[in-house]
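An overview of the molecular structure
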Amino acid sequence: MKNAVHFGAGNIGRGFIGLLLSKAGYHVTFIDVIDSLVDDINNQKKYNVQIAGKSEKILVENISAIDSDRDDVAVDAVVDAVANADIITTAIGPNNLKFIAENLAQGLKLRLEKNKSPLNIIACENMFGSSTTLKNFIYAKLSDEMKNELDRLVGFPDAAVDRIVPNQPYGEKLLVTVEEYAEWDVDSKQVVGDLSHIQGLNLVDNLNAYIDRKIFTVNTGHAAIAYLAYQRGINDISNALRVPEILETARDVWAETSILLTTKYKFAPAAHRHYVEEVEKRFSNPYLSDEVIRVGRNPKRKLSPNDRIIYPANQLALHDVNPEALGKVAAAAFKFDFDADTEAVEIQNYILANGIDAAISHFTGVNPGSKLFYIIKKNF
């Protein structure tokens, strides 16, 4: 049996990546720092994945776990697992990639001594270029000679992942509830060897297109619904979509981002329309519904020039398309005044001190003389 090493035994790790690797015939070794989670995996040696809203469960077996923070013996076990892995994946959050680099570097050093087989290391994180980022953290700890040798043997293909994991029910240990939809796109040009045997892993030639499709449909739509719902005092996303005005604006947002995506990446209009309809269906599912406050958090980041609202709006404006719906969403984001969110508080204080005109320029970078600036201010 082939060996997979997966960093992060949380809900995405178990309910998505670990599930697919196990189904592809790998023994999956989870690496985590939560003692109780590691112990449960080693004691049970299996767990169930349940599709939200359905009764059947998928059994995941051939698993084990290592607590990489427990002691030196555990660290040695992680290094050895890396040296002998046939594939390595992560789902630990972008900010944590640097913390696993040392163990991976030591494991790859050992691998060069004993194992010359091809290896792919795929960081499945919600960020652009996550595997490349992880590679840079690892290579900073290696000699030039080792880097050159690893370049011939190890691939760091970037990836995009999409699966909603709702709030988990209490009860059965290790059970993970996930949505039925799942997408794992991997840059085929960066792969070493063959990954086609992993069902559910989609090898693509232009990963950027799929990343942008996900961000400007899923992330942009999610944020739009959240900010509009917050203004009406609605607590969750699925209930928000039952409000005709919110649903209409969300669809207008998707219509605008669809123009950008089908123009820039040549997605077939009918296929892209089906993708958008699938996203709306996912957001409408009460079993997957997310809290408006959680989705709307960090409005400063979400209003920044290169993020999900302003970037596509600016791109459309460059093509002489007025981003009316995206501008309306940006205005709603400026009204997100949840006092437990530090970014929301910062924005509200800035508006209070300097006015909305200055705030729009300061947080979005939008030119005061532009059409987008006017749309945002008008809706605010």
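Scroll up to find the structure.
Notes on the structure follow. Keep in mind the model is a prediction, meaning the values are calculated, not measured.

**Some words on helix α5 (residues 130-139)**
When we look at burial in α5, the residues that qualify are Ser130, Ser131, Leu134, Ile138 and Tyr139. Down the axis, α5 shows its buried residues gathered within 165° of arc, on one side only. On its buried face, α5 sits against β6 (87-90), α4 (97-114), β7 (119-123), α6 (144-153) and β9 (159-162).

**Observations concerning the sheet that holds strand β10 (residues 176-178)**
Read across the sheet, three strands follow the order β4-β3-β10 without closing on themselves; strand pairing throughout is mixed. Strand pairing shows two members of the sheet lacking a second neighbour, β4 (57-60) and β10, which therefore form its edges. Taking the axes of each pair of neighbouring strands and ignoring which way they run, one obtains an average angle of 25° across the sheet. Relative to β10, strand β3 (residues 47-51) runs parallel, the two being bridged by three bridges.

**Quick look at the layout of surface pockets**
Taken as a whole, the second largest pocket encloses approximately 310 Å³ of empty space. For the lining of the second largest pocket, the leading source of residues is α4, giving four residues. When grouped by side-chain class, the residues that make up the lining of the second largest pocket number seven nonpolar, four polar and three charged.

**Points about the pairing of β4**
Here four bridges tie β3 to β4, and the two strands are oriented antiparallel to one another. In the sheet register, Asn48 faces β4, and the bridge partner there is Leu59. Linkage of β3 to β4, two consecutive antiparallel strands, is achieved through a turn of five residues, within which Gly53 is found at a positive phi near 85°.

**A word on the environment of Ser68**
Tracing the chain through its elements places Ser68 in the loop between β5 (63-67) and α3 (72-83). The exposure class of Ser68 is buried, given its relative accessible area of 17%. On a C-alpha basis, the gap between Ser68 and Lys116 in space is 25 Å, while along the polypeptide they are 48 residues apart. For Ser68, the residues in contact, after removing those within four places along its chain, are Ile31, Asp32, Val33, Val75, Val78 and Asn103.

**Thoughts on the packing of α4 against α5**
Interaxial distance between α4 and α5 falls to 8 Å at its minimum, and their mutual angle equals 65°. Crossing of α4 over α5 shows right-handed handedness. When α4 is examined against α5, the residues Leu97, Lys98, Ile100, Ala101, Leu104, Ala105 and Leu108 are found in contact with a partner set consisting of Ser130, Thr133, Leu134, Phe137 and Ile138. Grouping the constituent residues of the contact of α4 with α5 by class yields nine nonpolar, two polar and one charged.

**Re empty space enclosed by the protein**
One pass over the full model with this rule turns up one cavity of 30 Å³ or more. Within this model, the largest cavity holds a volume of roughly 30 Å³. As for the largest cavity, its lining consists of Ala160, Val161, Asp162, Glu183, Asp185, Tyr210 and Lys214. Residue assignment for the lining of the largest cavity shows that the elements contributing at least two residues are β9, β11 (183-187) and α7 (207-231). The greatest single-element share of the lining of the largest cavity, amounting to three residues, is contributed by β9. For the lining of the largest cavity, the per-class residue count stands at three nonpolar, no polar and four charged.

**A closer look at the nonpolar core**
Membership of the largest hydrophobic core comes to 59 residues, with the highest contact counts inside it found for Ile225, Tyr227, Ile246, Phe283, Phe334 and Ile376. A per-element tally of this core places α7 first, with ten residues. Core analysis: the next-biggest nonpolar cluster, separate from the first, contains 33 residues, Ile17, Val38, Val60 and Leu201 among them.

**Some words on the environment of Ala313**
Examined against the element boundaries, Ala313 turns out to sit in helix α13 (residues 310-318). As a C-alpha pair, Ala313 and Ala330 span 17 residues in sequence and 9.6 Å in three-dimensional space. When near neighbours in sequence (up to four residues on either side) are disregarded, Ala313 contacts Pro323, Leu326 and Leu372.

**Quick word on the packing of aromatic side chains**
Evaluation of the coordinates by the stated rule reveals twelve aromatic pairs. An angle of 85° between the planes, with centres 5.8 Å apart, marks the rings of Tyr210 and Phe267 as edge-to-face. Within this pair, whereas Tyr210 is found in helix α7, its partner Phe267 is found in the loop between α9 (244-265) and α10 (269-284), the two being separated by 57 residues in sequence. Phe267 sits in the buried class, given a relative accessible area of 14%. Three or more aromatic residues joined by ring pairs form one cluster here, namely Tyr227, Tyr230, Phe336 and Phe338.

Conventions and cut-offs
- Residues numbered from 1 in each chain as written.
- Predicted model: local features only at pLDDT ≥ 70, side-chain atom pairs only at ≥ 80, totals over all residues.
- Heavy atoms only, no water.
- Buried < 20%, exposed > 50% of the residue type's maximum accessible area, 1.4 Å probe, protein only.
- Helix = DSSP H or I, 4+ residues; strand = E, 2+ residues; numbered from the N terminus.
- Arc of directions from axis to C-beta.
- Contact = heavy atoms within 4.5 Å.
- Pairing = 2+ DSSP bridges.
- Axes fitted to C-alpha atoms, helices over the stretch in contact; angles between N-to-C directions.
- 1 Å grid on protein atoms, 1.4 Å probe; cavity = no way out; pocket = protein on both sides within 12 Å on 5 of 7 lines; lining within 4 Å.
- Points joined across faces, edges and corners; volume = space filled by probe spheres on them.
- Nonpolar A, V, L, I, M, F, W, Y, C, P; charged D, E, K, R; others polar.
- Left-handed = near helix turned anticlockwise from the far one by under 90°.
- Core = buried A, V, L, I, M, F, W, Y, C linked by side-chain atoms within 4.5 Å.
- Phe/Tyr/Trp six-rings, centres within 6.5 Å; stacked < 30°, edge-to-face > 60°.

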